[in-house]
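Architecture and fold: a report
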Amino acid sequence: MKFEDQKDNPAFCILPFIHTHVGPEGKVHLCCMAEWNNPIAMNVKGAGGLKELWSGERYQDARRRMLNGEKIPVCRKCWRADATGGGSDRATFNKGYGDIVKMKYPDMTLDIEKGNSLGTPIIADLRPGNFCNLKCRMCYPGSSSAIGDDCIEHPIEINTPFYGINVETFGTKQTWEDYDWIEDKDTYSEVEDLLPNLRILKIVGGEPLFMPHVIKLLKHCVDTGISKKIILDLTTNGSRRRGKVFNMLTQFRELILNVSIDGTGPAHDYIRFPSTIKEVAQNFEDYTKELIHHGRQYRAQTNILMTVQLYNIFEIVNIIDYWKKTQIEEFAYDQILTFNMVEHPDCFDARLLPFEYKMQVKKDIEDVCNKWNVSEFDMERTRINNILHDLSLPANDNIDLQKKFVERTRTYDRIRNQNIAEVDDRLKIIFDEWSKHE
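Since we're looking at a predicted model, the values are computed, not measured.

A look at the nonpolar core
In terms of nonpolar packing, the biggest core is built from 132 residues, with Ile18, Leu201, Ile320, Phe339 and Ile365 touching the most fellow members. Ignoring any residue separated from it by four or fewer positions in sequence, one finds Ile320 in contact with Leu337, Phe339, Ile365, Val368, Cys369 and Ile384.

Looking at the packing of aromatic side chains
Tallying each qualifying case throughout the model produces twelve aromatic pairs. Plain terms: the ring middles of Phe314 and Tyr357 are 5.8 Å apart, the flat faces sit at 85° to each other, and that makes the pair edge-to-face. Taken together, the positions of Phe314 in the loop between strand E9 (299-308) and helix H14 (316-331) and Tyr357 in helix H15 (residues 355-371) put the pair 43 residues apart, joining distant regions of the chain. Take Phe314 and Tyr357: they sit in the same class, and that class is buried. Counting every residue linked through ring pairs, the aromatic cluster contains Tyr270, Tyr311, Phe348, Phe405 and Trp434. Directly above the ring of Phe210 sits Arg240, whose terminal nitrogen or CZ lies 5.3 Å from the centroid. The positively charged end of Arg426 is found above the aromatic ring belonging to Phe314, 4.0 Å away from the centroid.

As for the packing of helix H6 (residues 145-153) against helix H7 (residues 155-163)
Their axes nearest at 6 Å, the elements H6 and H7 cross at an angle of 120°. Packed against H6, whose contacting residues are Ile147, Asp150, Cys151, Ile152 and Glu153, the element H7 presents Pro155, Ile158, Asn159 and Tyr163 at the interface.

What to know about the pattern of salt bridges
If the charged atoms of two oppositely charged side chains come close together, the side chains can form a pair. Under the criterion given, the structure shown has 24 salt bridges. For Arg272, the salt bridge is made with Asp262, and the minimal N-O distance between the two is 2.9 Å. Here Arg272 is found in the loop between helix H12 (266-271) and helix H13 (277-294), whereas its partner Asp262 is found in the loop between strand E8 (254-260) and H12, with ten residues between them in sequence. Three or more residues joined by partner-sharing salt bridges are found here, namely Glu35, Arg76 and Glu343.

Each value, and the rule that gives it
- Residues numbered from 1 in each chain as written.
- Predicted model: local features only at pLDDT ≥ 70, side-chain atom pairs only at ≥ 80, totals over all residues.
- Heavy atoms only, no water.
- Core = buried A, V, L, I, M, F, W, Y, C linked by side-chain atoms within 4.5 Å.
- Buried < 20%, exposed > 50% of the residue type's maximum accessible area, 1.4 Å probe, protein only.
- Contact = heavy atoms within 4.5 Å.
- Phe/Tyr/Trp six-rings, centres within 6.5 Å; stacked < 30°, edge-to-face > 60°.
- Helix = DSSP H or I, 4+ residues; strand = E, 2+ residues; numbered from the N terminus.
- Lys NZ or Arg CZ within 6 Å of the ring centre and 35° of its normal.
- Axes fitted to C-alpha atoms, helices over the stretch in contact; angles between N-to-C directions.
- Salt bridge = Lys/Arg side-chain N within 4 Å of Asp/Glu carboxyl O.

Right, here's the structure in full:
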């Protein structure tokens, strides 16, 4: 059975058959969108290794159920996206990765035990630990060591009410090894063993461009020549300037550099503390110009990622404007914009926005999309359609979540010397209204 035989199967996803994923805490999942509280393995280091997991019972069960047309619960985020405007990772990767399989591996077939007839993943999505220099408001210690440091410094204000980590052990050698799993000698060797069979290597953080073992892995790819056969898909917070590490990125067959930008003004700085939009936007544009130059010899592109939440819901229209201006006026190539929706912490979920503001944002988004003639294809792949769907829903007047939003906002504003009133006047109105519940 080949992949194209599943094109009419609404429960089928190509990822468990060709792709492996390891999160920053060492947990192995079907993909980055799968339910994080129900992993394939709790820690890649203690589970027999990547090869054993790939043909293990949990992977086999997921593959078998998908082929039988069953929508497995751990994939609920994709089922929801499919039902509310499209643009799910499942649909996107079935198309994009499916095309790669048809073109590069025309004889490849599905295999429940080994994933495919090659018997190995051809795509690896790796989150090699939580080392990070930023303290993004929606993030957590498992993906940001800087937030872990905050928890140790502010155990009563931040750790106890919001994270509840063991501050006595967090940051010790034993604990950090659990997060920085790639630094384990055997696990790192297993990753290197995957490389010769990979078509795509995806690396996300923490912040990968500051991680020593990620840099070691990139250097290994370049030194051995493997980089010339691999598409590198790397996500960065955009705070590292160009240099030797950046130059290594240009040695891969193709480079997709995704830069996290959460607004064009104060919202970005408020969320992605202590970075500034001025610095990140300049780096993003410098990256892009440099890659266009290298792109004369090979394909390279920079993309924009926005993590949508209450703090930047009013910035969506500005990000669309920025995307189209840089895409059309200056760089003139198929730069991709992707919106990822925050569901955790649940008090940051943009669907909590009061209905009158939802209608306002919805109209602003529709107007800017009409101004730029955004195609239906882009409306789906950016997930703008999903956002418009959610903005059409009645308000979620959950008082408990509103109180949690006020508590977290007030606490971080005090510790970081920030003020929500400086982000957007409408956010201050919402904050003040929700504060009345206390």
